[in-house]
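Residue strings, one per chain:
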Amino acid sequence: MRAALVEAREAYESGEVPVGAVVVVGDRVVGRGHNQVEGLGDPTAHAEILAIGAASRSLKATRLTEASIYVTMEPCPMCAGAIVLARLSRLAYGCPDPKSGYCGSLGNIVDDPALNHRATVRSGVLEEECAALLSRFFADLRRRGTA
């Protein structure tokens, strides 16, 4: 999760919502990503999507069955769906997202028995540190009057 926090801080410094993600096989990071929605002008440029894409390119594989993903905030429905489609075995996330999280908060795509793949989920990993970074980001936006 510490590596995902490094990515989240990079997003923060770029003016993006500070969410970071890393895909790991064993003890090796095979994909990294942080939110780049504004920078790329792409609503799908979420940390998880970018990290999964990087991992797929690194491993030359579309099925990441041996991999885990660490994300600083609970994935949204799009990212949760990508986790299922990539067949990641495990998801660990920092803080919940009660407004759009779909790995436990509003629903749970990654553990839906109707789908052909499920990932195990662990929430609350370095939760306070992950949540503090997001809180600071949105407080900065409010101070600048851009939130």
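Residues numbered from 1 in each chain as written. Predicted model: local features only at pLDDT ≥ 70, side-chain atom pairs only at ≥ 80, totals over all residues. Heavy atoms only, no water.

Notes on the layout of surface pockets
We apply this condition: Both site types are read off a 1 Å grid over the protein atoms alone. A 1.4 Å probe that fits but cannot get out defines a cavity, while an open set with protein on both sides within 12 Å along at least five of seven lines defines a pocket; lining residues have an atom within 4 Å of a point. Grid points are joined across faces, edges and corners, and a volume is the space filled by probe spheres set on the points. Secondary structure is summarised from DSSP: a helix means a run of H or I of at least four residues, a strand means a run of E of at least two, and numbering begins at the N terminus for each. Ten residues, namely Ala, Val, Leu, Ile, Met, Phe, Trp, Tyr, Cys and Pro, are considered nonpolar, four, namely Asp, Glu, Lys and Arg, are considered charged, and the remaining ones, Gly among them, are considered polar.
Empty space within the largest pocket amounts to approximately 460 Å³. Residue lining of the largest pocket: 19 residues in total, with Met73, Asp97, Ser100, Leu134 and Phe138 positioned closest to the centre. For the lining of the largest pocket, the element with the most residues is helix H5 (residues 127-144), which contributes four residues. In the lining of the largest pocket, the residues fall into eleven nonpolar, three polar and five charged.

Overview of the environment of Leu5
For clarity, the threshold we go by: Whether two residues touch is decided by their heavy atoms; if any such pair falls within 4.5 Å, the residues are in contact.
By the element assignment, Leu5 lies in helix H1 (residues 2-13). Between the alpha carbons of Leu5 and Asp111 there is a distance of 25 Å; along the sequence they are 106 residues apart. Leaving out residues up to four positions away in the same chain, Leu5 has contacts with Thr72, Leu126, Glu129, Cys130 and Leu133.

As for the pairing of strand S3 (residues 68-73)
For clarity, the threshold we go by: Per-residue accessibility, obtained with a 1.4 Å probe over protein chains only, is compared with the maximum for each type, and a residue is labelled buried under 20%, exposed over 50%, and partly exposed between these values. Whether two strands pair comes down to DSSP finding at least two bridges between them.
Of all six residues in S3, six are buried; the element is thus mostly enclosed. Sheet topology note: the strand S1 (residues 20-25)/S3 ladder contains four bridges and is antiparallel. Within S3, the position partnered with Val22 by the bridge is Tyr70.

What about the pattern of salt bridges?
Threshold: Each reported salt bridge corresponds to a side-chain nitrogen of Lys or Arg within 4 Å of a carboxyl oxygen of Asp or Glu.
On inspection of all chains with the given rule, the structure shows five salt bridges. Arg9 serves as the salt-bridge partner of Glu129, at 2.9 Å between the closest nitrogen and oxygen. Of this pair, Glu129 sits in helix H5 while Arg9 sits in helix H1, placing them 120 residues apart in sequence. Judged by relative accessible area, Arg9 falls into the partly exposed class, the value being 37%.

What about the packing of aromatic side chains?
Each pair of aromatic rings is reported with the distance of its centres and the angle of its planes. Our working definition: Whether two aromatic rings pair depends on their centres lying within 6.5 Å, for rings of Phe, Tyr and Trp, where Trp uses its six-membered ring; planes under 30 degrees apart make the pair stacked, over 60 edge-to-face, and the rest tilted.
Inspection of the entire model under this criterion finds two aromatic pairs. With centroids separated by 5.8 Å and ring planes inclined at 65°, the aromatic side chains of Tyr12 and Phe137 adopt a geometry described as edge-to-face. You can see Tyr12 sitting in helix H1 and its partner Phe137 sitting in helix H5, a full 125 residues away along the chain. When sorted by exposure, Tyr12 lands in the same class as Phe137, which is buried.

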